[in-house]
Amino acid sequence: MADQKKRLDSNVTGNFYVDATCINCDTCRQLAPASFEEVGSFSAVTSQPTDEEHLHRAYQALLACPVGSIGIEQSEPVQMQEAMASFPLHLEDGVYYCGFNSKKSLGANSFFLEHPDGNWLIDSPRYLKHLVEAFERKGGLSYIFLTHKDDVAEAEKYATHFGAKRIIHRADLEAAPGAEWIIEDVTSSQIFPQFEIIPVPGHTAGCMALLYKNKFLFTGDHLWWDSKQQVLRAPSQRVWRKRVLLDSLQKLLGYRFEWVLAGHGDRVRLSAESMQSHVQTLIERHHPTRVSP
Ligand code: SF4
């Protein structure tokens, strides 16, 4: 719970505020960009929500915040309930953003994928009754895809509850030593029709992306959308091997996808052509002399 005594001065006056426990994970700014902005090394409420839609988004941000840094002076139980019921949040075609980001992954986004042959979780949100029941209503979980070692969060609890198989790369196995499905490959593999695992080492040795339907690319911390600058970004700090990271970015030019669904950083949907062009620009930014195919 946020603490009024720790309310940041950068907040505007009004019901919603951010306190000094904020870890600057960006979740609130992705969900409610009209209300939350980055000010210094924290988020702050720079515009109080004034209409129903913005109010709903601000409550979604409050619930998704991994460390409970968003507070309200006066609670509106109906709006809170509606925001709660909106998670997992449908994006498109049976793909959902889970909400309830976990502080164990420093607030990484996680996703739920509804599929007739078994549902998927991509990285892990907080282990929460609300989400467990929501997944149960949709038929449970069969697979938990772990993009890399930093965003495992509470995957083990979900795997135990649902009897789901956790999928992780051997090189990042230390984060989930009991994982049921270990990927050894360094090349891409189609594990089911419409599901392709693409190893993308760089940020960590075991980073993987999951491509679904040649449309949705779950990228963990390998690739994300910078909504302020309207560009794709890849890690420039905390990188295991920069050269390998660049090779992994270049590898993505061989795939068609319209969505980038990231752990840290924003998600985006573009045309497949525009996405390719953004990936190419990103590679050129990271390494101007690298020739793209
Ligand atoms: S979601 Fe919470 S921790 Fe993350 S930036 Fe917003 S206020 Fe800070």
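Computed from a predicted model, the values in this text were never measured in an experiment.

**Some points on the domain arrangement of the protein**
Partitioning the protein into domains gives domain 1 (4-84) and domain 2 (87-286). If you average the C-alpha positions of domain 1 and of domain 2, the two centres end up 26 Å apart. Of the roughly 1200 Å² buried at the junction of domain 1 and domain 2 (both faces included), carbon and sulfur atoms supply 54%. Of all residues in domain 1, Q30, P66 and M84 bury the most surface against domain 2, accounting for 42% of the area lost on that side. The interface formed by domain 1 and domain 2 contains zero salt bridges. One can count ten residue pairs in polar contact (both at pLDDT 80 or more) joining domain 1 with domain 2. Here the side of domain 1 that touches domain 2 is composed, by residue class, of ten nonpolar, three polar and one charged.

**Description of the site of the ligand**
Looking at the ligand, there are 14 residues lining it, with C22, C25, C28, S43 and C65 nearest. By residue class, the composition of the shell around the ligand is nine nonpolar, four polar and one charged.

**Observations concerning the pairing of strand β14 (residues 208-212)**
For β14, the buried fraction is high: five of the five residues fall into the buried class. Of the two faces of β14, the one carrying M208, L210 and Y212 and the one carrying A209 and L211 are both buried. Between β14 and strand β15 (residues 216-220), which pair antiparallel and follow one another directly, the connecting turn spans three residues, one of which, K213, has a positive phi of 60°.

Definitions and cut-offs
Residues numbered from 1 in each chain as written. Predicted model: local features only at pLDDT ≥ 70, side-chain atom pairs only at ≥ 80, totals over all residues. Heavy atoms only, no water. Domains from an automatic or database assignment. Buried area = accessible area lost by both parts, 1.4 Å probe. Salt bridge = Lys/Arg side-chain N within 4 Å of Asp/Glu carboxyl O. Polar contact = N/O pair within 3.5 Å; in protein donor to acceptor, adjacent residues only side chain to side chain. Nonpolar A, V, L, I, M, F, W, Y, C, P; charged D, E, K, R; others polar. Near = heavy atom within 4 Å. Buried < 20%, exposed > 50% of the residue type's maximum accessible area, 1.4 Å probe, protein only. Helix = DSSP H or I, 4+ residues; strand = E, 2+ residues; numbered from the N terminus. Pairing = 2+ DSSP bridges.

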